[in-house]
Amino acid sequence: MADNAKTPRPVYRNIHITDIVRYRLPLAGIVSILHRISGALMFLLMPFIIWMFDASVTSEISYESFTSVFTVGCADGAVPGWFFKLIALALIWAYLHHFCAGIRHLLMEVSHSYTKQAGKSTAVATLAISLGLTVVLGAKLFGLF
């Protein structure tokens, strides 16, 4: 009984709000947090997604007004077209990252022996693929090719 009393108890640290900027999160943790952020972003921008879909398929006139929002902006000129392109680019990133991270999570659940190194390499692959595709589609969105 004396041996049990002498063993040190584990220490659990609470991270204070001032420690967050100094806390080093592994890359897999960053990808996991970005997966949650991308899901929340897609949920919050759902009205914009529905408007884009509705405006693009209703008629030819609504499609023309839909495309003019991305080039000219709003009819009264209060919001420029590049702002709507940035919102669309954020949606593109959110979808691509959420999709790639979801595939990563599915692979982790299917695999019976998932190592720390495999987690790091799939996190790097998730970030590289999602950001690379976002850059390509963003260049197409902004008319670079």
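If you're wondering where the values come from, they're calculated on a predicted model, not measured in any experiment.

Colleague: Teacher, can you tell me more about the nonpolar core here?
Modeller: Generally speaking, soluble globular proteins have nonpolar side chains that are buried together. One finds Phe48, Met52, Ala55, Phe66, Val69, Phe70, Phe84, Ile87, Ala88 and Leu91 forming the largest nonpolar core, which totals 10 residues. Mapped by element, the contributors of at least two residues to this core are α3 (46-57), α4 (60-71) and α5 (81-110).

Colleague: Quick question: what am I supposed to make of the side chain of Lys85 here?
Modeller: With respect to the element layout, Lys85 can be found in helix α5. One buried charge, Lys85, has no salt-bridge partner; the nearest side chain with opposite charge is Glu64, at 14 Å. Apart from residues lying up to four places away in sequence, Lys85 is in contact with Phe70, Leu141 and Phe142.

Colleague: So what exactly am I meant to see when it comes to the packing of helix α2 (residues 27-44) against α5 here?
Modeller: The description of two helices packed together rests on the angle between their axes and the distance between the axes. At their nearest, the axes of α2 and α5 sit 8 Å apart, and the two run at 130 degrees to each other. The angle between the axes of α2 and α5 places the two elements in the oblique class. In this structure, α2 meets α5 at a crossing whose hand is left-handed. Judged by residue contacts, Ala28, Val31, Leu34, His35, Ser38, Gly39, Leu41 and Met42 of α2 engage Ala90, Leu91, Trp93, Ala94, Tyr95, His97, His98, Ala101, Gly102, Arg104 and His105 from α5.

Colleague: Honestly, α4 in this entry has me stumped. Any pointers?
Modeller: An α-helical turn contains 3.6 residues, so a residue and the one three or four places further along point in the same direction. Taking 1.5 Å of rise per residue, 12 residues should cover 16 Å, and α4 covers 17 Å from first to last C-alpha, within 8% of that figure. Within α4, burial applies to Ser62, Phe66, Val69 and Phe70. What you see down the axis of α4 is that its buried residues fit within an arc of 95 degrees, all on one side. Every exposed residue of α4 that faces more than 90 degrees away from the buried side is listed here: Glu60, Ile61, Glu64 and Thr71. Check the buried side of α4 and you find it contacts α3 and α5. One or two positions beyond α4, positive phi appears at Gly73, with a value near 115 degrees.

Colleague: What's the story with a nonpolar patch on the surface in this structure? I'm lost.
Modeller: Together, Ile15, Ile17, Ile20, Tyr23, Leu25, Ile30, Ile33 and Ile37 make up a nonpolar patch on the protein surface, roughly 730 Å² of accessible area in all. Topologically, Leu25 is positioned in the loop between α1 (2-6) and α2. Accessibility expressed as a relative area gives 35% for Leu25, which makes it partly exposed.

Definitions and limits used
Residues numbered from 1 in each chain as written. Predicted model: local features only at pLDDT ≥ 70, side-chain atom pairs only at ≥ 80, totals over all residues. Heavy atoms only, no water. Core = buried A, V, L, I, M, F, W, Y, C linked by side-chain atoms within 4.5 Å. Buried < 20%, exposed > 50% of the residue type's maximum accessible area, 1.4 Å probe, protein only. Helix = DSSP H or I, 4+ residues; strand = E, 2+ residues; numbered from the N terminus. Lys, Arg positive; Asp, Glu negative; His and termini not counted. Salt bridge = Lys/Arg side-chain N within 4 Å of Asp/Glu carboxyl O. Contact = heavy atoms within 4.5 Å. Axes fitted to C-alpha atoms, helices over the stretch in contact; angles between N-to-C directions. Parallel < 35°, antiparallel > 145°, perpendicular 65-115°, else oblique. Left-handed = near helix turned anticlockwise from the far one by under 90°. Expected span 1.5 Å × (residues − 1). Arc of directions from axis to C-beta. Patch = residues over 30% accessible without salt bridge, like charges linked within 9 Å, V, L, I, M, F, W, Y side chains within 5 Å. Areas by Shrake-Rupley, 256 points an atom, 1.4 Å probe, with all protein chains shown as cover.

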